[in-house]
Amino acid sequence: MRGRTALPALLLLALPGCSTGPSLENRGEVTAPPGDSHNLIIGSAGFTESDLLAQMYALLLNQAGYKTSILTVANRELYEPALESGQIDVVPEYAATFADWLNAKTNGPQAPPVGSPDLPATMKALRALATPRGLTVLDAGKAVDQNAFAVSAAYARQHHLKTLSDLGASGLKVRLAAGDECVQRPYCAPGLKKTYGIDITAVDPKGVGTTQAKRAVQSGQDQMVLTTTTDATLDGFGLVLLADDKHLQNADYVVPVVNRSRAGGAKVTQALGKLNDVLTTRDLASMNQQVDSWRRLPKDVARTYLEDKGLLK
């Protein structure tokens, strides 16, 4: 827990006098004009990439004249209601994942997913779900943190693999290191078989992008590992990503989400929008590496990046 408040996350939702989100009877319509509070709390979900994004948001908003603090709340079940109520003002999110999360919250856990590989369609669905809750979803940039699949560089060279389509066409039998849910998830083993024709013989339940999973592929015990597009450790294990050339994965582009009544004005949108022209998936992976492998502080990495890109004076 960081920032100006020292309250435990579990008490966050019990704070009185901070409810600026729409009341239940007014859900479905926007009842308040965009607000522009001078003091903004930026939420972080507590993992490296979220910390980096929160720090960049804070630095850009500070430069635009806002006073900011960062609050770490690692559980979306806590920070999303706090964002609705105005206890948190800005949060970095991922388009498809957040769309599906809000959809399940609104329409029940059995509701068909609304996130998809189509970014415009995903953003349209996300905004339709967020707006009645008093939230504004700003534009997505270039950076995307999607599920991704990696093989050893030697394996890729041996079999001339650059894409998942190449792997499917090769007819190779593949043992996949991933979470145990991969057996059923449509973006994982079933999707690899259906979309790419990859012969997944087994799922080795070593987790998503874990050291254990990567070592299994490095050693040849498994042939492929489920990780993410911003995983900065792949080189260290001798692994390379195979391109998702048929777009199996959902459009999990980075998007800032703001409380409309406190941070919905044009000034906030303009300040955070500066990242859209420069921040790439590769940039995020590089910054993750600097924090996780080089042990640099997220705030220092964020500042250096923004200065190098000419976004901080």
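Residues numbered from 1 in each chain as written. Predicted model: local features only at pLDDT ≥ 70, side-chain atom pairs only at ≥ 80, totals over all residues. Heavy atoms only, no water.

1. Structural notes on the pattern of salt bridges
For the structure on display, the rule yields 12 salt bridges. The partner of Lys-105 in a salt bridge is Glu-84, and the shortest N-O contact between them spans 3.3 Å. A residue pair is termed long-range when its members are at least 10 positions apart, and Lys-105 in helix 3 (residues 95–107) and Glu-84 in helix 2 (residues 76–85) qualify at 21 residues. When its relative accessible area of 35% is taken as the criterion, Lys-105 is described as partly exposed. When the shortest N-O distance is used, the salt bridge between Lys-173 and Asp-199 registers 3.1 Å. One end of the pair, Lys-173, is in strand 6 (residues 173–178); the other, Asp-199, is in strand 7 (residues 199–205), and 26 residues separate them in sequence. What makes Lys-173 exposed here is its relative accessible area of 58%. By relative accessible area, Asp-199 is classed as partly exposed at 30%. A network of salt bridges, in which partner residues are shared, links Glu-80, Glu-84, Lys-105 and Arg-133. (Salt bridge = Lys/Arg side-chain N within 4 Å of Asp/Glu carboxyl O. Helix = DSSP H or I, 4+ residues; strand = E, 2+ residues; numbered from the N terminus. Buried < 20%, exposed > 50% of the residue type's maximum accessible area, 1.4 Å probe, protein only.)

2. Concerning unusual backbone geometry
Its identity as a non-glycine residue notwithstanding, His-160 has a phi of 55°, on the positive side. Relative to the helices and strands, His-160 resides in the loop between helix 5 (153–159) and helix 6 (164–170). When its relative accessible area of 68% is taken as the criterion, His-160 is described as exposed. At His-247, a position not held by glycine, the phi torsion is positive, near 55°. Here His-247 shows up in the loop between strand 9 (239–242) and strand 10 (254–259). Since its relative accessible area comes to 55%, His-247 is described here as exposed.

3. Quick notes on helix 10 (residues 266–273)
Among all positions of helix 10, only Val-268, Ala-271 and Leu-272 are buried. Each buried residue of helix 10 sits inside an arc of 90° when the element is viewed along its axis, so together they form one side. For helix 10, the exposed residues set more than 90 degrees away from the buried face come down to Ala-266 and Gln-270. Contacts from the buried residues of helix 10 go to strand 1 (39–44), helix 1 (48–63), strand 3 (90–94), strand 10 and helix 9 (260–263). (Arc of directions from axis to C-beta. Contact = heavy atoms within 4.5 Å.)

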